[in-house]
Amino acid sequence: MRNLTYLSLILFFACALFSCKKSEIIGGKSHAALITGKWLAYQQHTMIYDLNTADLVKDTTMLFSSTNPKAWYEIFNNDGSAYITTIPHKVAGSSVYGTDTTSYLHYTILGSVLTIKQNGGGSETKPIIRLTDMDLGLETIFQSNPQPGWGLDVNTSYKYIVDTYYSRQ
């Protein structure tokens, strides 16, 4: 009887362990399989919080389009490499269009967290807040002083939560 109890416990924990891995699957595809491809940033929602009171002091949304010079692509390859590029733009003084690669990266996904490592060093983790076949949302949380023009004290540090949304191209 005691062996049956141990066997039951082992089976229970094995089932629990394998069921936890299902959280990495969305519609039958893993996060890694879904994220592979070219994504265009179309919206960035920034919330800025006071570090002392935790009050929201700024909440703003920027919309991008494929013709907006501030938009960018994030490209995730099957081999774990990734690139951030500008949208195609006219090369100064010509009618030729070009694209600038601004970062070379390597990425990994564990559960619903994307970790990006830059080739030059440093890494960043971004929770995946939305991921479907056509839509990606990544969250970045950091502490920084604001840029001039935000209407906040540039000598004060704040907590930033930036949600960036992308559409598959």
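Check the entry above for the structure.
Source: prediction; values computed, not measured.

S.K.: Can you walk me through unusual backbone geometry in this structure?
M.R.: Glycine aside, residues mostly have negative phi, and peptide bonds are mostly found in the trans state. Backbone geometry at Ala54 places phi at a positive 65 degrees, although glycine is not the residue there. With respect to the element layout, Ala54 can be found in the loop between strand E3 (37-50) and strand E4 (56-63). For Ala54, a relative accessible area of 57% translates into the label exposed.

S.K.: Could you clarify how one ought to interpret the environment of Gln169 in this entry?
M.R.: Note that Gln169 resides in the segment after strand E13 (158-168). Here Gln169 falls in the partly exposed class, since its relative accessible area comes to 48%. Within the local environment of Gln169, its side chain forms a polar contact with the side chain of Ser167, the two groups lying 3.0 Å apart.

S.K.: Can you walk me through the nonpolar core in this structure?
M.R.: In terms of nonpolar packing, the biggest core is built from 23 residues, with Ile35, Trp39, Phe76, Leu114, Leu136 and Tyr166 touching the most fellow members. Mapped by element, the contributors of at least two residues to this core are helix H2 (31-35), E3, strand E5 (72-76), strand E6 (81-86), strand E9 (101-110), strand E10 (113-118), strand E11 (123-131) and strand E12 (135-144). When sequence neighbours within four positions are dropped, the list of residues in contact with Ile35 reads Phe76, Tyr107, Ile109, Leu114, Leu131 and Leu136. Grouped together as the second largest cluster of nonpolar side chains are five residues, Ile48, Leu152, Tyr160 and Val162 included.

S.K.: Explanation requested: the side chain of Thr46 in the structure shown.
M.R.: Within the secondary structure layout, Thr46 lies in strand E3. Non-local contacts of Thr46, meaning those with residues more than four positions away in its chain, are made with Lys58, Asp59, Thr60, Trp150, Tyr160, Ile161 and Val162.

Rules behind the numbers
Residues numbered from 1 in each chain as written. Predicted model: local features only at pLDDT ≥ 70, side-chain atom pairs only at ≥ 80, totals over all residues. Heavy atoms only, no water. Helix = DSSP H or I, 4+ residues; strand = E, 2+ residues; numbered from the N terminus. Buried < 20%, exposed > 50% of the residue type's maximum accessible area, 1.4 Å probe, protein only. Polar contact = N/O pair within 3.5 Å; in protein donor to acceptor, adjacent residues only side chain to side chain. Core = buried A, V, L, I, M, F, W, Y, C linked by side-chain atoms within 4.5 Å. Contact = heavy atoms within 4.5 Å.

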